[in-house]
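Structural overview for review
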Amino acid sequence: MDKYLKAAIDQAKKGLSEGGIPIGSVLVKDGEIIGAGHNQRVQEGDPMAHAEIDCLRQAGRVGNYKGTILYSTLMPCYLCAGAVVQFGIKKVIVGESTTFPGAEEFMKSHGVEVINVNSEECIHLMEKFIEDKPELWNEDIGE
């Protein structure tokens, strides 16, 4: 498995261990992880604390996002896809979109290369969470 996706999965598991939603993300520049985050909507009581947003916050001011790659265990939603487009991140590698289709076409329509690796581990992590805590999942996706 790709070491960066593994780092994002580790972030997702960290979020789950804190009682949150198991979605993780890392931002990579020049082969180095410069930001890592996980969904903290439950932990922080913050509806904006998605994994990708947390990751970008942890990366801090990068200046220029040219050449960065965002990894996420789940296909980014429109909120997070908007951040990708706004910051000019041109490549997103996704663990899966089976449990949530997200905003793949939105990102692609704005010139973002989206690679979905269909990770069995990512799929299993989300399927188990959705089965165990459907009310948190439905809140997270706005249903």
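Located above this text is the structure these notes cover.
**As for the pairing of strand E4 (residues 91-94)**
The side chains of a regular strand alternate between both faces of the sheet. Of the pairings in the sheet, the one linking strand E3 (residues 69-72) to E4 comprises three bridges and is parallel in character. Residue pairing for E4: Ser 72 is matched across the bridge by Val 94. With helix H4 (residues 78-87) bridging E3 and the parallel E4, this β-α-β connection has right-handed handedness. Relative to strand E5 (residues 113-116), E4 runs parallel, the two being bridged by four bridges. The residue of E5 that forms the bridge with Val 92 is Val 114. Following the backbone out of E4, through helix H5 (residues 104-109) and into the adjacent parallel E5, one traces a crossover that is right-handed.

**Regarding the packing of aromatic side chains**
For the structure on display, the rule yields four aromatic pairs. Centre to centre, the rings of Tyr 4 and Tyr 71 are 5.5 Å apart; their planes meet at 50 degrees, and the pair counts as tilted. Here Tyr 4, found in helix H1 (residues 3-17), pairs with Tyr 71, found in strand E3; they are 67 residues apart in sequence, far enough to count as distant. Geometrically, the ring pair formed by Tyr 65 and Phe 87 is stacked, given 5.0 Å between the ring centres and 20 degrees between the ring planes. Remark: Phe 87 occurs in helix H4 and Tyr 65 occurs in the loop between helix H3 (51-59) and E3; sequence separation between them is 22 residues.

Procedures and definitions
Residues numbered from 1 in each chain as written. Predicted model: local features only at pLDDT ≥ 70, side-chain atom pairs only at ≥ 80, totals over all residues. Heavy atoms only, no water. Pairing = 2+ DSSP bridges. Helix = DSSP H or I, 4+ residues; strand = E, 2+ residues; numbered from the N terminus. Right-handed = clockwise from strand over helix to strand, strands pointing away. Phe/Tyr/Trp six-rings, centres within 6.5 Å; stacked < 30°, edge-to-face > 60°.

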